[in-house]
Number of protein chains: 2
Amino acid sequence: MEFTIAEVAEQTGLTAHTLRYYERAGLLDPPERDWNGHRRYSEQDVGMLRLLTRLRATGMPIAGMRRYADLCRVGPATFDERRELLEEHRRQVLERIAGLQSDLALIEYKISVYGAPVAGVPDLARP
Amino acid sequence: MEFTIAEVAEQTGLTAHTLRYYERAGLLDPPERDWNGHRRYSEQDVGMLRLLTRLRATGMPIAGMRRYADLCRVGPATFDERRELLEEHRRQVLERIAGLQSDLALIEYKISVYGAPVAGVPDLARP
DNA sequence: CTCCCCCTTCGAGCGCGCTCGAAGTCAAAC
DNA sequence: GTTTGACTTCGAGCGCGCTCGAAGGGGGAG
């Protein structure tokens with residue numbers, strides 16, 4: 001099963017422009033072309049894109065994704081390195097989540113200072 | 001107790017450049033000046049900056065922080081509005097965390113596919 | 001007086017990740 | 001035959017959030 005760029009855009013939530021950009025950026029192997037030069041993405045391509053979008057969504061920079069893609073191009077010899085790259089990224093995401101939760105604590109404190117909407121509360125704590 | 005720009009930079013992790021930028025951007029009321037024109041930040045200022053840095057860290061855009069700051073300038077009449085703004089932001093952060101966790105799921109699956117480093121495993125699943 | 005350091009303003013520049021538009025090709029629909 | 005529409009390449013532009021450098025001032029130490 002193969003897909004046009006529009007179909008892949010639909011499936012991944014990226015735009016056609018962005019898909020071409022990812023290809024230029026070395027994140028995705030240039031897909032096959034059909035007889036008139038249009039890209040035909042394989043299911044493998046789409047799978048790779050699904051991973052890439054998750055990596056992006058979790059804050060991996062383009063350069064990091066390219067390193068991963070480069071390792072993929074090399075072949076199975078890089079399995080361990082790829083795993084390490086992903087594990088390192090996982091660590092960073094977990095740290096990030098922990099940071100967000102701790103930042104939330106101050107925000108929730110602030111919310112509590114503003115108080116639930118109760119009538120007749122004077123300007124005691126000027127936050 | 002008041003602070004120089006360098007002290008505040010130290011305390012907040014922002015640079016002096018960024019502090020001036022935040023002021024220009026309307027996130028922070030222009031602090032007092034000492035006799036020779038240097039900024040003297042109050043503890044209130046620093047408290048506001050602490051909140052602002054948490055809002056930034058959780059992804060609030062500058063424009064959102066400015067709306068909050070503008071509400072603060074208006075006075076206690078805007079307590080409810082401020083609370084709502086923060087609550088809306090909290091919702092977004094929680095969504096964000098949930099998204100990160102679900103994105104992590106695919107990444108961890110991928111890690112598992114690459115397998116723990118075990119000697120002698122052949123190239124079965126080409127991920 | 002000189003030197004050094006920290007501060008000031010102002011405006012330009014940067015890095016990232018897209019995002020878009022121009023200009024062209026091709027095939028199918030009308 | 002013309003129009004439509006999806007695709008192609010290429011390179012420029014944008015929005016955000018800083019980041020930096022130039023140019024200058026003022027005060028304290030030696």
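A quick note: this is a predicted structure, and the numbers were derived from the prediction, not measured.

Engineer: Residues and numbers for the interface of chain A and chain B, please.
Structural biologist: Chain A puts 28 residues into the contact, and the matching count from chain B is 29 residues. Counting residues per element, the side of chain A that touches chain B draws most heavily on helix α5 (residues 79-114) of chain A, which supplies 21 residues. The residue makeup of the side of chain A that touches chain B, split by class, is 14 nonpolar, three polar and eleven charged.

Engineer: An account of the protein's contact with DNA strand C is requested, with residue identities and associated values reported.
Structural biologist: Around DNA strand C, a shell composed of 16 residues is seen, among which P61 and I62 of chain A together with A6, H38 and R39 of chain B lie nearest. Elements with a minimum of two residues in the surface near DNA strand C: α2 (16-24) of chain A together with α1 (5-12) and α2 (16-24) of chain B. If you tally residues by element for the surface near DNA strand C, the top one is α2 of chain A, at three residues. Of the residues in the surface near DNA strand C, the class split is six nonpolar, seven polar and three charged.

Engineer: Which residues make up the relation of the copies chain A and chain B, and what are the values?
Structural biologist: Mapping chain A onto chain B is achieved by rotating through 180° and translating by 0.0 Å along the same axis, at an RMSD of 0.0 Å. A rotation of that kind, with that shift, is consistent with a two-fold axis. If distances are taken from each C-alpha of chain A to the rotation axis, the shortest is found for I97 of chain A, at 3.1 Å. Taken as a fraction of all interface residues of chain A, those also at the interface in chain B reach 100%, which identifies the copy contact as same-surface.

Rules behind the numbers
- Residues numbered from 1 in each chain as written.
- Chains lettered and ligands numbered in written order.
- Predicted model: local features only at pLDDT ≥ 70, side-chain atom pairs only at ≥ 80, totals over all residues.
- Contact = placed C-beta atoms within 7 Å.
- Helix = DSSP H or I, 4+ residues; strand = E, 2+ residues; numbered from the N terminus.
- Nonpolar A, V, L, I, M, F, W, Y, C, P; charged D, E, K, R; others polar.
- Near = placed C-beta within 6 Å.
- Least-squares fit on C-alpha atoms with pLDDT ≥ 70 in both.

Any functional reading would require information that these geometric values do not contain.
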